[in-house]
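A closer look at the structure
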Amino acid sequence: MKDKDRTHFGYREVDRDAKAGMVADVFHSVASRYDLMNDLMSAGIHRLWKRFTIELSGVRRGQAVLDIAGGTGDLAARFADIVGAEGRVVLADINESMLQVGRDKLLDHGRLGNLEFVQADAQSLPFPDDSFDCVTIAFGLRNVTDKDAALRSMLRVLKPGGRLLVLEFSKPESELLGKAYDAYSFRILPLMGRLVANDSDSYQYLAESIRMHPDQETLQEMMEEAGFTRCEYHNMTGGVVAVHKGVKA
Amino acid sequence: MNGNLDPALVTAVLAAVENGLNRALELAPETRAQLEPFADDVFALHCTAPTLDVYLRPGGQGLQLMAVYDGPVTTSVRGVASDFAELAMAKDPAATLINGQLELDGDSAPLLELRSILAGLDMDWEAPLVSAMGDVAGHQFAQMLRATYGWGRQATASLTRQLDEFIHEEARITPPRLELEDFYRDVQALGLQVERLASRVERLRKRLHKLRP
């Protein structure tokens, strides 16, 4: 089989066509306890990462926002408050279970009117060109099979001057932090997954997929190659997470 | 951007402060309502020592503190932390803003108005106390707190006034403000008179020089 037909699923090499289904299985499995696990795994710091991403997005009242891989809707809920009734927020996720959990959560919190829910693949977004002022993807890009295609698709749906924000795990800046982070990811995370979500394999995949994800500089280059301008990134928590920003010219 | 500080750390601090302020505003609905007209304003506070940028967006829901904001700001203020503290505590914030070390860009009126609203924050503890302790005990406790707070405020104001009077009038450790301002005016007038006298002497000296054979 040709190399271009193969891709990574964590540390394993799998058929490109099979990855989406395997990732889907992971998220079907963790969807119901996704928020709880996020809080446990990051000690609640994921809320700060998301908050900084929202500030960096510069979204204002009346704008249109697309939150890809929006999962349980943390970003979409905040964006819905910011854009107000005259704005529009689309929460998109390829995974039906995640989308359902997110939709139920937001509706239960009384958020409706300016929110739409769409099951969509980031690689081929089902929206017209120049539709959104801002596109965000938080902790989702590493699960996408063809990241370049996804970045190009995001560029297409952005309006000129629109911003893309990619919040994703990245490479720690210090070696010492990297070692501590490795120990945490490969020993404690799967254990937590087993105890809380009764699923250690999914959290083993999480740790592996983070290591296989492009580092800060590589992702910035990928964004530039996709056609984004004024690309920059901000490391958070010592580079454990980075938020990349790019603008459509 | 906030120097070399980790954005997550700055965001954590701002989130904690914002949470505290908004909790306080929840207990002061009148103050919160006064913030509503500022919904379209963003105030940039650039602290140069320590390096910290804070963007403050008030609104009917409370206050929002941000580490980054790339839109237009209503007022931008730059200075060191002590200058900001001075402005926050000043009796006359307008004078502090004009005469102090802070660099101001934009419209100062909304900033001064916001500062005055926040300085006048008057929290009503009764609602949370009643829900925690029950109607009777909560009401009694809230009344006690109100009385203690009122007495404390009055006592502080009275003590400050008496201390001020003692220092300026009785012990004469420092002159009163008005006396000092009067003295400065006299010094300024004397300076002008001396300058006039000097130029008159100079004129006379030149005339005398011309009259000499």
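Everything here concerns the structure above.
None of these values were measured; they are calculated from a predicted model.

When helices and strands are counted, chain A shows 9 helices and 9 strands. Whereas a compact globule of 249 residues would reach a radius of gyration of roughly 18 Å, chain A reaches 17 Å, a difference of no more than 12%. Dimensions along the principal axes, computed over C-alpha positions, put chain A at roughly 45 × 40 × 35 Å. By the burial criterion, 56% of the 249 residues in chain A qualify as buried. Across chain A, the fraction of contacts at a sequence separation of at least 24, relative to all contacts at a separation of at least 6, is 70%. If you sum the accessible surface of chain A, you get close to 11,000 Å²; carbon and sulfur atoms cover 50% of it. The positive charge centre, built from 31 side chains, and the negative charge centre, built from 37, are 3 Å apart in chain A.

Okay, the pairing of strand β2 (residues 12-15) of chain A next. With 4 bridges connecting them, strand β1 (residues 6-9) of chain A and β2 of chain A associate as antiparallel partners. Residue His8 of chain A lies in a different strand from β2 of chain A, and its bridge partner there is Glu13 of chain A.

Glancing now at a negative patch on the surface. All names here are of chain A. A cluster of acidic side chains, namely Asp148, Glu217, Glu221, Glu224 and Glu225, defines a negative patch on the protein surface. Take the negative patch: its biggest share by element is 4 residues, from helix α9 (residues 216-226). Position of Glu224 among the secondary structure elements: in helix α9.

Whether parallel or antiparallel, the strands of a sheet pair through hydrogen bonds between backbone atoms. Residues and elements named next belong to chain B. Strand order across the open sheet formed by 5 strands is β3-β2-β1-β4-β5, with mixed pairing between neighbours. Edge positions in the sheet fall to β3 (62-66) and β5 (103-106), since each of these pairs with one other strand and no more. Averaged over all pairs of adjacent strands, the angle between their axes in this sheet comes to 15°, without regard to strand direction. Two strands pair when backbone bridges link them, and strand β1 (residues 43-48) and strand β4 (residues 75-79) are joined in this way by 5 bridges, in the parallel orientation. Across the sheet, the residue bridging to His46 is Arg78, located in β4.

Here we take up the environment of Tyr233 of chain A. Residue and element names in this part refer to chain A. Relative to the helices and strands, Tyr233 is located in strand β8 (residues 228-236). By relative accessible area, which is 25% here, Tyr233 ends up partly exposed. Looking at Tyr233, its side chain comes within polar contact range of the side chain of Glu217, at 2.7 Å.

To continue, consider the interface of chain B and chain A. The extent of an interface is frequently quoted as the accessible surface area lost upon association of the parts. Every contact between the two is made by 20 residues of chain B and, on the other side, 16 residues of chain A. Each partner contributes to the roughly 1,400 Å² buried at the junction of chain B and chain A, and carbon and sulfur atoms together form 53% of this total. Linking chain B with chain A are 4 salt bridges. Two residues, Asp40 of chain B and Arg61 of chain A, come together in a salt bridge whose shortest N-O distance is 3.8 Å. The interface formed by chain B and chain A holds 7 residue pairs in polar contact (both at pLDDT 80 or more) in total. A total of 7 residues in the side of chain B that touches chain A trace back to one element, the largest contributor, which is helix α1 (residues 7-26) of chain B. Partitioned by chemical class, the residues of the side of chain B that touches chain A number 13 nonpolar, 3 polar and 4 charged.

Okay, the packing of helix α3 (residues 45-57) of chain A against α1 of chain B next. Remark: α3 of chain A packs on α1 of chain B, axes separated minimally by 9 Å, with the N-to-C direction vectors making an angle of 90°. In terms of orientation, α3 of chain A lies roughly perpendicular with respect to α1 of chain B. Residues Leu48, Trp49, Arg51 and Phe52 of chain A of α3 of chain A form the contact with α1 of chain B, whose own contacting residues are Pro7, Ala8, Thr11, Ala12, Leu14, Ala15 and Glu18 of chain B. Its residues assigned to classes, the contact of α3 of chain A with α1 of chain B shows 8 nonpolar, 1 polar and 2 charged.

Cut-offs used in this document
- Residues numbered from 1 in each chain as written.
- Chains lettered and ligands numbered in written order.
- Predicted model: local features only at pLDDT ≥ 70, side-chain atom pairs only at ≥ 80, totals over all residues.
- Heavy atoms only, no water.
- Helix = DSSP H or I, 4+ residues; strand = E, 2+ residues; numbered from the N terminus.
- Rg over C-alpha atoms; globule rule 2.2 N^0.38 Å.
- Buried < 20%, exposed > 50% of the residue type's maximum accessible area, 1.4 Å probe, protein only.
- Contact = heavy atoms within 4.5 Å.
- Areas by Shrake-Rupley, 256 points an atom, 1.4 Å probe, with all protein chains shown as cover.
- Lys, Arg positive; Asp, Glu negative; His and termini not counted.
- Charge placed at Lys NZ, Arg CZ, Asp CG, Glu CD.
- Pairing = 2+ DSSP bridges.
- Patch = residues over 30% accessible without salt bridge, like charges linked within 9 Å, V, L, I, M, F, W, Y side chains within 5 Å.
- Salt bridge = Lys/Arg side-chain N within 4 Å of Asp/Glu carboxyl O.
- Axes fitted to C-alpha atoms, helices over the stretch in contact; angles between N-to-C directions.
- Polar contact = N/O pair within 3.5 Å; in protein donor to acceptor, adjacent residues only side chain to side chain.
- Buried area = accessible area lost by both parts, 1.4 Å probe.
- Nonpolar A, V, L, I, M, F, W, Y, C, P; charged D, E, K, R; others polar.
- Parallel < 35°, antiparallel > 145°, perpendicular 65-115°, else oblique.

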